[in-house]
Amino acid sequence: MTYRISEEQAAAFGRVAVIYGGNSAERAVSLNSGTAVLKALLVAGVNAFPLDLYGAEGDLNPVQQLQQEPIDRAFLILHGRGGEDGTIQGLLEMLQISYTGSRVAASALGMDKLRSKQVFVGAGLPTPPFRVLRTENDLLCAQELGFPLMIKPAHEGSSIGMHKVNNAVDLASAWTDACGYDQCVIAEKWITGAEFTVAILNDNALPAIRLETPNDFYDYEAKYQANDTRYLFDDTLSEEKATELLRLSEQAFQALGCKGWGRVDLMQDKAGQFYLLEVNTTPGMTDHSLVPMAAKQAGLSFEQLVVEILKEAQ
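Just so you know, these numbers come straight off a predicted model, no measurement behind them.

## Thoughts on the overall build of the protein
No. 1: Assigned secondary structure in the protein consists of 12 helices and 14 strands.
No. 2: Taking 314 residues into account, the globule formula puts the C-alpha radius of gyration at 20 Å, and the protein, at 19 Å, falls close to it.
No. 3: Per-residue burial over the protein gives 53% buried out of 314 residues.
No. 4: Residue pairs in contact within the protein that sit at least 24 positions apart in sequence constitute 67% of those at least 6 positions apart.
No. 5: If you sum the accessible surface of the protein, you get close to 13700 Å²; carbon and sulfur atoms cover 48% of it.
No. 6: Across the protein, the centroid of the 25 positively charged side chains sits 2 Å from that of the 40 negatively charged ones.

Quick look at the structure:
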């Protein structure tokens, strides 16, 4: 049975702009996410319309776009810089338009992997040891962590620019590539073990997903293109460990000041210790995406999920 909201609820939402696209390296993913969200909102009976920020040519003025038509609420599904880093959030607040998801500061923290990890450390939450690679001289410091290492740009999502490296030569090459995306690059100690992701909805954790891929890690290809990535709910975690995983995810979400919905990515080493990798404040909502999978496991259809997210818009 198709999920639909009442006419009263639709009137309360008003005219909803699904803001997607943008001009970041994740534009293609955002277009796919936004298309899925828009379709689901329309099916649910929400008066929604698309707003491709910057447009296909990337030369539109976003302020003018937001002022062209009346907007009562914005469903933000912009990924990457300009969308998840507090920029569009700040603009919407200046224009007094309610929007979904985390506020300006939390969005900026969530987009910055270095600052996120510093907050985790300050809050006493476990995260893999790391080094900041700003110059070539920092590569020697990174080797002190021991190989293998994960190299990642501090301000990119969707695993863009990320590399697993096993030696000094690969480290230099990976750092050079990551620098093409960001001036700030992180070297993180590689954690061998199970990879988990925990979706957050209305500030509460949904069922955890264990990820399995034949790739070295859950990279861009495994996330959006592969058909052999496995998403597992029938995990072998004990009840105690499963509860620990969900609580740690909620603590990470709260530590950054996030709001409404998001996703927390973690690793578990072979000794059973969990480590926080990052918090995504505007995760993907494509047919390969993890938040819709977790919501479905919790009994929510895609339409119900997007409506729940929209309800929290402020």
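## Let's talk about the side chain of E188
No. 1: Relative to the helices and strands, E188 is located in strand β8 (residues 185-189).
No. 2: Since its relative accessible area comes to 3%, E188 is described here as buried.
No. 3: Looking at E188, its side chain comes within polar contact range of the side chain of K117, at 2.7 Å.

## Here we look at the pattern of salt bridges
No. 1: With the rule as written, the count across this model stands at 11 salt bridges.
No. 2: A salt bridge links E188 to K152; the shortest N-O distance between them is 3.1 Å. Taken as a pair, E188 in strand β8 and K152 in strand β6 (residues 149-153) lie far apart in primary sequence, 36 residues in all. K152 carries the same exposure label as E188, and that label is buried.
No. 3: Each of K117, K152 and E188 takes part in salt bridges that share partners, so that together they form one network.

## Comments concerning the sheet that holds β6
Strands belonging to one sheet form pairs held by backbone hydrogen bonds; the direction of such a pair is parallel or antiparallel.
No. 1: Here 4 strands make up an open sheet; going across it, the order is β5-β8-β6-β7 and the pairing antiparallel. Each edge of the open sheet carries a strand with a single partner, namely β5 (130-133) and β7 (163-165). Each strand axis lies, on average, 25° off the axis of its neighbour in the sheet, ignoring direction.
No. 2: Strand direction decides the pairing type here: β6 and β7, joined by 3 bridges, are antiparallel. Considered in β7, the bridge of L149 is made with V165.
No. 3: Each of β5, β6 and β8 is contacted by helix α6 (residues 113-122), which is oriented at about 150° to β5, the strand it contacts most.
No. 4: Along the sheet, helix α8 (residues 168-179) contacts β5, β6, β7 and β8; its crossing angle with β6, the most-contacted strand, is approximately 15°.

## Remarks on the pairing of β6
No. 1: Most of β6 sits inside the fold, with 5 of its 5 residues counted as buried.
No. 2: Neither face of β6 is exposed, since L149, I151 and P153 on one face and M150 and K152 on the opposite face are all buried.

## Overview of the nonpolar core
No. 1: Membership of the largest hydrophobic core comes to 31 residues, with the highest contact counts inside it found for L41, F75 and M285.
No. 2: The set of elements that each furnish at least two residues to this core consists of α1 (7-13), β1 (15-21), α2 (27-43), β9 (193-201), β11 (209-212), α11 (290-297) and α12 (302-311).
No. 3: Looking at which element gives the most residues to this core, the answer is α12, with 5 residues.
No. 4: Two domains each donate at least three residues to this core, and these are domain 1 (7-100) and domain 3 (192-281).
No. 5: With residues up to four places along the chain from it excluded, the contact list for M285 reads S33, A36, V37, I77, W261, V291, P292, F302, L305, V306 and I309.
No. 6: If you look at the next biggest cluster of nonpolar residues, it comprises 19 residues, including A106, L246, A252 and L266.

## Section: the UniProt feature "active site" (unreviewed entry) in the protein
No. 1: In the numbering adopted here, UniProt assigns the feature "active site" (unreviewed entry) to E26, S158 and S289.
No. 2: On the secondary structure map, E26 appears in the loop between β1 and α2.
No. 3: The exposure class assigned to E26 is buried, which follows from its relative accessible area of 3%.

## So, the packing of helix α5 (residues 104-111) against α6
No. 1: Between α5 and α6, whose axes approach to 5 Å, the crossing angle comes to 100°. By the angle between their axes, α5 is roughly perpendicular relative to α6. Residues L109, G110 and M111 of α5 form the contact with α6, whose own contacting residues are K113, R115, S116 and V119.
No. 2: Residue classes in the contact of α5 with α6 are distributed as 3 nonpolar, 2 polar and 2 charged.

## So, the environment of Q297
No. 1: Tracing the backbone through its elements, the reader meets Q297 in helix α11.
No. 2: Overall, the relative accessible area of 45% leaves Q297 in the partly exposed class.
No. 3: When the C-alpha atoms of Q297 and A208 are compared, they prove to be 9.4 Å apart, with 89 residues separating the residues in sequence.
No. 4: Among residues more than four places away in sequence, those in contact with Q297 are P207 and F233.

## Points about the state of the cysteines
No. 1: One pass over the full model with this rule turns up 0 disulfides.
No. 2: C141 forms no disulfide, and the closest cysteine sulfur to it belongs to C184, at a distance of 14 Å.
No. 3: Counting only cysteine sulfurs, C184 is the nearest neighbor of C258, a cysteine outside any disulfide, at a range of 19 Å.

Thresholds applied
Residues numbered from 1 in each chain as written. Predicted model: local features only at pLDDT ≥ 70, side-chain atom pairs only at ≥ 80, totals over all residues. Heavy atoms only, no water. Helix = DSSP H or I, 4+ residues; strand = E, 2+ residues; numbered from the N terminus. Rg over C-alpha atoms; globule rule 2.2 N^0.38 Å. Buried < 20%, exposed > 50% of the residue type's maximum accessible area, 1.4 Å probe, protein only. Contact = heavy atoms within 4.5 Å. Areas by Shrake-Rupley, 256 points an atom, 1.4 Å probe, with all protein chains shown as cover. Lys, Arg positive; Asp, Glu negative; His and termini not counted. Charge placed at Lys NZ, Arg CZ, Asp CG, Glu CD. Polar contact = N/O pair within 3.5 Å; in protein donor to acceptor, adjacent residues only side chain to side chain. Salt bridge = Lys/Arg side-chain N within 4 Å of Asp/Glu carboxyl O. Pairing = 2+ DSSP bridges. Axes fitted to C-alpha atoms, helices over the stretch in contact; angles between N-to-C directions. Core = buried A, V, L, I, M, F, W, Y, C linked by side-chain atoms within 4.5 Å. Domains from an automatic or database assignment. UniProt positions renumbered as here; feature names shortened; annotations may be inferred. Parallel < 35°, antiparallel > 145°, perpendicular 65-115°, else oblique. Nonpolar A, V, L, I, M, F, W, Y, C, P; charged D, E, K, R; others polar. Disulfide = S-S within 2.5 Å.

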